[in-house]
Amino acid sequence: MRKPHLVIALPSIAGRSIGSYALRRAKLLAEFYDVSVISDSFPDTLPVDVRCMQITPRNFNYLRRFCHVPNELAFAYAVRCELKRLQVRKSIDFVLFHGYTLTRFAGRYLYRLYDVRYGMFMHGHIFTRPRGTYDWRLTAFYRWMAPACYKEAHLVFALSPDQKKLAIKAGATAHQVILAPNGIENGDIGICGESIDMAGKIGGEPNRIRILYVGRFSAEKGVETLIAACGLLAKWKVGYSLTLVGGGARSKELADLAERTGIADRVEFVSSVPREQLGAFYRATDILCVPSLDEPFGNVVLEGLISGCLVVGSELGGIRFIISDGIDGYLVPASKPRKWAEKLKFISENKGGLDALRENGREMVGRRFNWENIILDMHKSISRTLA
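So, how was this worked out
- Counting from 1, residues in each chain are numbered in the order their sequence is written.
- Where local features are concerned, this predicted model is filtered to residues with pLDDT of at least 70; where side-chain atom pairs are given and counted, the filter is 80 or more; whole-chain, interface and lining totals use all residues.
- The side-chain values count all of the structure's non-hydrogen atoms but skip hydrogen atoms and water molecules.
- In this text, helices come from DSSP runs of H or I with a minimum length of four residues, and strands from runs of E with a minimum of two, each type numbered from the N-terminal end.
- Restricting the calculation to C-alpha atoms gives the radius of gyration, and the globule rule supplies 2.2 Å times the number of residues raised to the power 0.38.
- The buried label goes to any residue with under 20% of its type's maximum accessible area, the exposed label to any with over 50%, and the partly exposed label to all in between, with areas taken from a 1.4 Å probe on protein chains only.
- Should any heavy atoms of two residues lie within 4.5 Å, those residues are counted as being in contact.
- Residue burial considers only the protein chains on display, and all accessible areas are found by Shrake-Rupley using a 1.4 Å probe.
- At least two bridges found by DSSP between two strands are what make those strands a pair.
- A fitted line through C-alpha atoms serves as each axis, taken over the contacting stretch for helices, and the angle formed by two N-to-C directions is quoted from 0 to 180°.
- Nonpolar side chains (Val, Leu, Ile, Met, Phe, Trp, Tyr) within 5 Å and like charges within 9 Å form the patches, drawn only from residues with over 30% relative accessible area and no salt bridge.
- For this document, the term salt bridge refers to a Lys or Arg side-chain nitrogen within 4 Å of an Asp or Glu carboxyl oxygen.
- The predictor attaches a confidence to each residue, and that confidence, scored 0 to 100, is pLDDT.
- A crossover counts as right-handed when, viewed with the strands pointing away from the observer, the path leading from the first strand over the helix to the second turns clockwise.
- Classification of ring pairs uses Phe, Tyr and Trp, with its six-membered ring standing for Trp, and accepts pairs whose centres are within 6.5 Å; under 30 degrees between planes counts as stacked, over 60 as edge-to-face, and the remaining range as tilted.
- Here the expected span of a helix is defined as 1.5 Å times the quantity of residues minus one.
- In this context, the arc is that of the directions from the helix axis out to the C-beta atoms.
- When two cysteine sulfur atoms are found within 2.5 Å, that pair is recorded as a disulfide.

Draft legend 1. Here's a closer look at the overall build of the chain. Tallying secondary structure elements over the chain gives 13 helices and 13 strands in all. Here the C-alpha radius of gyration of the chain, 22 Å, is about what a compact globule of 387 residues would show, namely 21 Å. Its C-alpha atoms give the chain principal-axis dimensions of about 70 × 45 × 40 Å. When each of the 387 residues of the chain is scored for burial, the buried share is 52%. Look at the contacts in the chain between residues 6 or more apart in sequence, and 68% of them connect residues 24 or more apart. Summed over its atoms, the accessible surface of the chain is roughly 17500 Å², and 52% of this surface lies on carbon and sulfur atoms.

Draft legend 2. Representation of the sheet that holds strand 3 (residues 51–54). Strand order in the open sheet formed by seven strands is 3-2-1-4-5-6-7, and the pairing between neighbours is parallel. Lying at the two open borders of the sheet, with one neighbouring strand each, are strand 3 and strand 7 (177–179). On average, each strand axis in the sheet is inclined to that of its neighbour by 20 degrees, with strand direction left out of account. Seen against the sheet, helix 3 (residues 100–114) touches strand 1 (5–9), strand 4 (94–98) and strand 5 (117–121) and runs at an angle of roughly 175 degrees to strand 5.

Draft legend 3. Expanded view of a nonpolar patch on the surface. Together, Tyr62, Leu63 and Phe66 make up an exposed nonpolar region whose accessible area comes to about 300 Å². The topology assignment puts Leu63 in the loop between strand 3 and helix 2 (68–89).

Draft legend 4. Broad picture of the confidence of the model for the chain. When pLDDT is averaged along the chain, the result is 91, and 94% of the positions lie at 70 or above. Contacts from residues 198–204, a stretch scored under 50 in pLDDT, to residues over four places away or in other chains number 22 contacts.

Draft legend 5. Inspection of the pairing of strand 1 at higher detail. The element strand 1 is extensively covered by neighbouring structure, given that five of its five residues are classed as buried. Both faces of strand 1 are covered, namely the face carrying His5, Val7 and Ala9 and the face carrying Leu6 and Ile8. Bridge count between strand 1 and strand 2 (residues 34–39): five bridges; the pairing is parallel. Counterpart to Ile8 in the pairing with strand 2 is Val37. In this region the chain leaves strand 1, passes through helix 1 (residues 17–29) and returns to the parallel neighbour strand 2; the handedness of that crossover is right-handed. Across four bridges, strand 1 lies against strand 4 in parallel orientation. Counterpart to Leu6 in the pairing with strand 4 is Phe94.

Draft legend 6. Quick peek at the packing of aromatic side chains. Applying the stated rule across the entire model yields 15 aromatic pairs. Relative to Tyr150, the ring of Tyr100 has its centre 5.8 Å away and its plane inclined at 75 degrees; by these criteria the two rings are edge-to-face. With Tyr100 in helix 3 and Tyr150 in helix 4 (residues 136–152), the pair connects residues that are 50 residues apart, well separated along the chain. As far as burial versus exposure is concerned, Tyr100 and Tyr150 are alike and both buried. Judged by centre distance (5.9 Å) and plane angle (65 degrees), the rings of Phe297 and Phe369 are edge-to-face. Placement of the pair is Phe297 in the loop between strand 11 (287–290) and helix 9 (299–306) and Phe369 in the loop between helix 12 (355–368) and helix 13 (371–386), with a sequence separation of 72 residues.

Draft legend 7. Focus on the sheet that holds strand 8 (residues 209–214). Reading across from one edge, 10-9-8-11-12-13 is the order of the six strands in this open sheet, with parallel pairing throughout. What marks the edges here is a single partner per strand, and that holds for strand 10 (267–271) and strand 13 (330–332). Sheet twist, expressed as the average angle between the axes of neighbouring strands with direction ignored, equals 20 degrees. In this structure, strand 8 lies alongside strand 11, joined through two bridges in parallel fashion. Within the sheet, the bridge partner assigned to Ile211 lies in strand 11 and is Ile287.

Draft legend 8. Seen up close, helix 11 (residues 337–349). Counted at 1.5 Å a residue, the expected span for helix 11 with its 13 residues is 18 Å, and the 18 Å between its end C-alpha atoms agrees. Within helix 11, burial applies to Trp340, Ala341, Leu344, Ile347 and Ser348. Looking straight down helix 11, one finds that the buried residues subtend no more than 125 degrees of arc, so they occupy a single side. Buried residues in helix 11 make contact with strand 8, helix 6 (223–235), strand 11, strand 12 (310–314) and strand 13.

Draft legend 9. Here's a closer look at the state of the cysteines. One pass over the full model with this rule turns up zero disulfides. Cys81 carries a free sulfur, and the closest cysteine sulfur to it, the one in Cys149, is 19 Å from it.

Draft legend 10. Region of the structure containing unusual backbone geometry. Despite not being glycine, Arg64 has its phi angle at roughly 55 degrees, a positive value. Tracing the backbone through its elements, the reader meets Arg64 in the loop between strand 3 and helix 2. On the basis of relative accessible area, Arg64 is assigned to the exposed category, the value being 71%. Phi is positive for Ser335, which is not a glycine, with a value near 60 degrees. Among the secondary structure elements, Ser335 is positioned in the loop between strand 13 and helix 11.

So, in structure tokens, the structure goes:
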């Protein structure tokens, strides 16, 4: 019996967490579908049971800060041409697009021309990001394009319930929107085996807690809130060290902020680390802080929980979908440095009674965010749409 032909299209798979998750889904969906992936870049190691097709769209980088929209349109056009060639060679049953531009300009085209159904994968919602995150021209472009994507796509895959609500508010119908979070396994971050040695976690050093941040240093990640909170901890004579793993253009700006806050001697900046090496950082820390101002899901939350960290995250978006406050982690209001400082101080004073939270977190992640169940739900949704 012929497997339905599923195509996944997205830009820049190589070196991006979105790309690695897309390839993971492609590999697991290959149990049910004949899977093709279209992109303009791929990593060196590819799934053997997935057909990977590299395209070379026209590049408009010479336009500098005005290049984003032309590059997206050029990529969508190249994907559209590749889909048309692929349809002639091997009939397509369903296409999963990552991004508004692809969904609007390639999905609609293929559906009208060949009656091929398509879906869109949400990685966020541009209009929930802090003001100034995107250039106003790009925001206007998405504001014009996004409503049609939500209304016309046959399926919209959302990472969290908050994202699902945003999709419905933007024009999708409830039955269109499918909850499809990311999953995780120990090996993804370089942790071998199922057991986690908790030695060296909270309680190992009575006078100091080790605080970790992992992620981009972009505005929506709220690193400034964490630095301000740590400044209060220093004033309150709480012993701690802070490690910021990320890097990027704002590293100098954040280092200057730590200097002005008076905590430069307690802060270590670490450049971006490959995901498969992050396990060593998680297992050498006590508390993982995720102080985001906007978070569609929170992959880093899963990574910290499965590593045995105590996770403290902002009470919003995908973070509150993952964490139940006081049961398997803690939730704190975003942009409230004093609230963050108070929670971290509480943890430092109650080290002995927090093992249960960390164990609950590891158990919860294994139960709710295993890839097998996530992919099965996606498959059922696509099958219903094709039927």
